[in-house]
Each structure stands twice: as C-alpha cells, then as structure tokens.
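In case you want the letters, here they are:
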Amino acid sequence: MFSDHRQRLIRQLPAGAAALLTANDVMPTNADGTMPYYPNVNVYYLTGLSEEDAMLALFPGHPDTSLREILFIKRVDQMFVKWMGRRVDKATASNISGIRTVFYTDEFWAVMKKVLPLCNSIYLHTNEHARSENETQTREDRLLLACKQYYPLHRYERLYPILARQRNAKTPAEIALIRKASEITEKGFRRVLQSIRPGQTGMQVAAEMIHEYMQHGATWAYEPIVAFGADSTILHLRANESIGKNGDIVLIDAAAQYRYYNTDLTRTFPVNGRFTPRQKAYYNAVLRVHKKVAQEVKAGILIKDLWKISNNLLLEELVGLGLCSIADIQTHGAQYYLNKHCYHNVSHFLGLDVHDTGYYDEPMPEGAVITNEPGIYNEEEGIGVRIENDLLVTENGFEDLMKTIPKEAEEIEEIMNS
C-alpha cells in the first residue's frame, strides 16, 4: 500500500523535482513530561512508519537509482532501548516501507548533499488545512527554514495540494481499514447502549467504548464527547464527571481509529432507554435530514453543496418543531436561526485525519470518505441531537460504512430495554 502511495505521488512530480517530508515533533507537557506522540500522517501514508524521527526524500530523477527513494529512521542505542523500548531497525523499516535505501536521521544533511544539488525544485509540506489554527513552529517549518539556508537559490514548491488531493481519493486498501474501524466503532456503541444507565458520568460511558475498542486493536479517533441534557447542545464537550440523569438525552461523539485510519460517529439517545415525545420529535427531525442528505451524495458534487442542501432541510425541520416560523425566517434571515440551532456544517472529509484533506470547492472524487452529521440544538429545552455516519463516495452514489449501527429511535429503545 505504501509503495503504491509513493508511486502515485512520484508520477505527479515534475522532472527535476525532489520531495522532502519529516515526522512530527515530540511535544512537551511540564517538567520532563511529553504528550503521547502522534506521527505525521503524510510520512506514514508514504512509508508505513510511525517513528518520531522518520524522514523521507524522493527524487525520482536522481542518476543513482539507490538515491531515488531514501528513508531515514532514528538511531538508537542499548540505553535508549532499556528506557524507551525497541524501535524499527533498518531492515524492518525497509520491509515495511518497500524502500531499499535507509539511513539514520542524523545523517540527513550529509546524504542531502548527494541529492539536492542535482534537483531543480524542492517540494515541501506545510499545514495548509483550512481549519488549522496552529501557532507552534513544527519540524516541517524548521525543515523549510533549513533547506532555504543551505540551498537558497533552489525553487521551492508546495507539496500540500498534491498530497491533499491524492489522499482525498482512498484506495481499496485504505477503505478496508476505515471499514474495519467502523466495525469496531459499532461494537463500542452497542456496548454502551446495553450498559448506560442514569447516574453514570461521561467518563464512565466513554470507558465502556474504549474498553471495546482496545480489545480489537483500536483506539480513539479523537477525544470522546459525552454530553448529557443541556450539555448536548455544546459541540465539543469532552467526556467528564457530569452525571446523566433520568430523563436526559445523551449525545455521544466517539469513534475508533484503526491503524491510523479514523471513523467519526455520533448518536443521541435517552439515558433511561425511552425518548420523551419531545426528544423523539427532535430526533426524528434530524434523522430525516440525515437520510435526505445521504441521497444527494455522489462523485462530482461539492461538499459545500451538501452544506446548502442540509441547511435548507434543517430550516424546514426547525419550522416543524416550532422553533421558528416561515415569517420569522423572512424577517430575521435564515442564517440567524441556523446560527441559533444548527451551528455546524453537515459534512467533512475523513481518513488519516478526522478532518481529512480535501477541498470544499472542488468536486468530490470517487473514493472520498465523508461524514453525514446534521444536528439541531436547543439549550432552552435541554435537547441537542446529532446523528452521524460515514459515507464512501461512489461514482453514482454512496456506501454507508455505518449502516448497521442502530439509528432508528425505535431500534435504539429496543436494544436499550432488551
């Protein structure tokens, strides 16, 4: 899979171009602590390695065939192994990635003296994601600065747009991993349906899911959201010590990641196993939008078009729920009521990143994976409902990768009371 990814990228590089990628930083916390390491997913996508010092150099036009693909890994000694554990050696790294030439990361610039003077342009990756708000200098940033210091007269090009579009269309192997993550997510959700009860905290509910995920070699795709009652109207409320009470609904946005490929699931259901009539009215309104939006999905549509379709459907449901009237919308404007009760878009791309690469103003390719997650929220009534599945975009439609995860109100109640 990783060799195929590299070959797809190489075919898009112009003659005389080299591409350089680097791992993410290990980020500090306090004292001598560090955050759990998370790899640069582009390095992983192209090599299969999640090592913290991994680097990759591609120069398909190099006259020495052994220097056309070069992998760099961390050099470790026995003391490092005793304290931190084993790391991949050169032979293992070569087997995983399919790259024959492997050096240590501390040799990077010495090796680059044999590579970069022979190329015309250098492609580097920086984070251009539309939702990124990072203010921290990264290893990618430092690599760019170092390259320009050593080779100031080279032409520098952006790797992000190439990889973003390439990663947007998933291969069959990638889809299989996302499908596996979806199956694990379903196991976790069904476990919660059968175990949740009034008096539990959000952290206890989340613990049931992660227990199931880890039994199958998976982990969180993102920090879990478990919100009870009025807190269900807060989009990104982390699972905490708040307690679910009898009569509350609970919104759970918590899905599995398998081999770095993510899923994204949200379900809303009653803590005590029975929707009130008003809760069910909200729930079914969101479910209708969820189903109608899915029918619009196919290759070639813009994800922004799905946002517009969803917003129009949501406005109809707000009127049906009595949260506004057509006259209100004409007076105050549609956006006023969307901002008040439906304050997020219905879809984003999904893959190695939860909010994956891709361009909202470009037609979606076959093989893209997107979320379908309409929501209606009303803090005054203490009701927030979001229903989210992941859809694989096909030539003429979609495949719902979470179609077997319960979402009908009656089915949810039946499972909870069985």
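Residues numbered from 1 in each chain as written. Predicted model: local features only at pLDDT ≥ 70, side-chain atom pairs only at ≥ 80, totals over all residues. Heavy atoms only, no water.

If you check an unreviewed UniProt entry, the protein appears there as Xaa-Pro aminopeptidase from Chitinophaga varians. We quote the UniProt Catalytic activity (unreviewed entry) comment for the protein here in full: "Release of any N-terminal amino acid, including proline, that is linked to proline, even from a dipeptide or tripeptide." Per UniProt, the comment on the protein under Cofactor (unreviewed entry) is "Mn(2+)". (UniProt positions renumbered as here; feature names shortened; annotations may be inferred.)

S.K.: Would you mind going over the overall build of the protein with me for this structure?
M.R.: Along the protein, the regular secondary structure elements total 14 helices and 17 strands. A globule of 418 residues ought to have a C-alpha radius of gyration of about 22 Å, and the protein, at 24 Å, matches this closely. Each principal axis of the C-alpha distribution contributes one length, and for the protein these read about 70 × 50 × 40 Å. The proportion of buried residues among the 418 residues of the protein is 53%. Long-range pairs, those at least 24 residues apart, make up 72% of the contacts in the protein with a sequence separation of at least 6. (Helix = DSSP H or I, 4+ residues; strand = E, 2+ residues; numbered from the N terminus. Rg over C-alpha atoms; globule rule 2.2 N^0.38 Å. Buried < 20%, exposed > 50% of the residue type's maximum accessible area, 1.4 Å probe, protein only. Contact = heavy atoms within 4.5 Å.)

S.K.: Explain a nonpolar patch on the surface here, please?
M.R.: A surface patch of nonpolar side chains, about 430 Å² in accessible area, is lined by Met79, Trp83 and Met84. When you line up the elements, Trp83 lands in helix α3 (residues 78-84). Owing to a relative accessible area of 68%, Trp83 belongs among the exposed residues under this scheme. (Patch = residues over 30% accessible without salt bridge, like charges linked within 9 Å, V, L, I, M, F, W, Y side chains within 5 Å. Areas by Shrake-Rupley, 256 points an atom, 1.4 Å probe, with all protein chains shown as cover. Salt bridge = Lys/Arg side-chain N within 4 Å of Asp/Glu carboxyl O.)

S.K.: So what exactly am I meant to see when it comes to the packing of aromatic side chains here?
M.R.: Counting across every chain of the model gives 14 aromatic pairs. When the centroid spacing of 5.1 Å and the interplanar angle of 45° are considered together, the rings of Phe275 and Tyr283 count as tilted. The structure contains a cluster of three or more aromatic residues connected by ring pairs, namely Phe72, Phe103, Phe108, Trp109 and Tyr150. Across the ring face of Tyr156, the terminal group of Lys148 is positioned such that the distance to the ring centre comes to 5.6 Å. Of note, Arg267 hangs over the ring of Phe189, and the distance from its end group to the ring centre comes to 6.0 Å. (Phe/Tyr/Trp six-rings, centres within 6.5 Å; stacked < 30°, edge-to-face > 60°. Lys NZ or Arg CZ within 6 Å of the ring centre and 35° of its normal.)

S.K.: Sorry, what's going on with the packing of helix α11 (residues 303-320) against helix α13 (residues 334-341) here?
M.R.: Angle between the axes and distance between the axes are the two parameters that describe a pair of packed helices. Taken N-terminus to C-terminus, the directions of α11 and α13 make an angle of 80°; their axes are 10 Å apart at the nearest point. Regarding the angle of α11 to α13, the classification is roughly perpendicular. Seen from α11, the contacting residues are Asn311, Leu315 and Leu318; seen from α13, they are Ala334, Tyr337, Leu338 and His341. When its residues are assigned to classes, the contact of α11 with α13 shows 5 nonpolar, 2 polar and no charged. (Axes fitted to C-alpha atoms, helices over the stretch in contact; angles between N-to-C directions. Parallel < 35°, antiparallel > 145°, perpendicular 65-115°, else oblique. Nonpolar A, V, L, I, M, F, W, Y, C, P; charged D, E, K, R; others polar.)

S.K.: Whenever I open this one, the packing of helix α8 (residues 172-195) against helix α9 (residues 202-215) confuses me. Can you help?
M.R.: In the contact formed by α8 and α9, the axes pass within 8 Å of each other and the chain directions differ by 140°. Between α8 and α9, the crossing angle belongs to the class labelled oblique. The two elements α8 and α9 meet at a crossing, and its hand is right-handed. Packed against α8, whose contacting residues are Ile184, Thr185, Lys187, Gly188, Phe189, Arg191, Val192 and Ser195, the element α9 presents Val205, Glu208, Met209, His211, Glu212 and Tyr213 at the interface. (Left-handed = near helix turned anticlockwise from the far one by under 90°.)

S.K.: Sorry if this is basic, but what is going on with the UniProt feature "domain: Aminopeptidase P N-terminal" (unreviewed entry) in the protein here?
M.R.: Residues given the UniProt feature "domain: Aminopeptidase P N-terminal" (unreviewed entry) here are residues 1-133. As annotated, residues 1-133 comprises 27% helix and 17% strand, and the C-alpha atoms at either end are separated by 31 Å.

S.K.: Teacher, can you tell me more about the pairing of strand β8 (residues 225-228) here?
M.R.: Look at any regular strand and the pattern is simple: side chains alternate between the two faces of the sheet. Burial along β8 is two-sided: Ile225 and Ala227 and Val226 and Phe228, pointing in opposite directions, are all buried. As judged from the 4 bridges shared by β8 and strand β9 (residues 249-253), these two strands associate in the antiparallel manner. The partner of Ala227 across the bridge, within β9, is Leu251. (Pairing = 2+ DSSP bridges.)

S.K.: Even after reading the chapter, I still don't get the domain arrangement of the protein, so can you show me in this structure?
M.R.: Put simply, an interface is often sized by how much accessible area is lost when its parts join up. One can read the domain layout of the protein as domain 1 (1-168) and domain 2 (172-417). Here the C-alpha centroids of domain 1 and domain 2 sit 35 Å apart. Taken together, the 17 residues of domain 1 in the interface contact 21 residues of domain 2. With both chains or domains summed, domain 1 and domain 2 bury close to 1,700 Å², and 52% of this area falls on carbon and sulfur atoms. Linking domain 1 to domain 2 there are 3 salt bridges. Between Arg165 and Glu362 there is a salt bridge, and its shortest N-O distance comes to 2.6 Å. (Domains from an automatic or database assignment. Buried area = accessible area lost by both parts, 1.4 Å probe.)

S.K.: I would appreciate a short explanation of the sheet that holds strand β16 (residues 389-393) in the present structure.
M.R.: Think of a sheet as strands paired side by side through backbone hydrogen bonds, with each pair either parallel or antiparallel. Here 3 strands make up an open sheet; going across it, the order is β13-β16-β17 and the pairing antiparallel. Of all the strands in the sheet, just β13 (369-372) and β17 (398-400) have a single pairing partner and so form its edges. Looking at each pair of strands side by side, their axes are set apart by 35° on average, direction ignored. The pairing of β13 with β16 spans 4 bridges and is antiparallel. Opposite Asn372, over in β16, you have Asn389 as the bridge partner.

S.K.: Please explain the pattern of salt bridges as it appears in this structure.
M.R.: Oppositely charged side chains are able to pair whenever their charged atoms sit close together. For the coordinates displayed, the defined rule picks out 28 salt bridges. Asp248 serves as the salt-bridge partner of Lys245, at 3.6 Å between the closest nitrogen and oxygen. Classification of Lys245 by relative accessible area gives exposed; the value is 51%. In this structure Asp248 comes out as buried when scored by relative accessible area, which is 12%. By sharing partners, the salt bridges in this structure join Arg167, Lys170, Asp353 and Asp356 into a single network.

S.K.: How do you make sense of the environment of Val111 when you look at a structure like this?
M.R.: Tracing the sequence through the fold places Val111 in helix α5 (residues 108-112). It is 9.0 Å that separates the C-alpha atoms of Val111 and Leu67, two residues lying 44 residues apart in sequence. If we ignore the near neighbours within four places in the chain, the residues touching Val111 are Ile70, Phe72 and Phe103.

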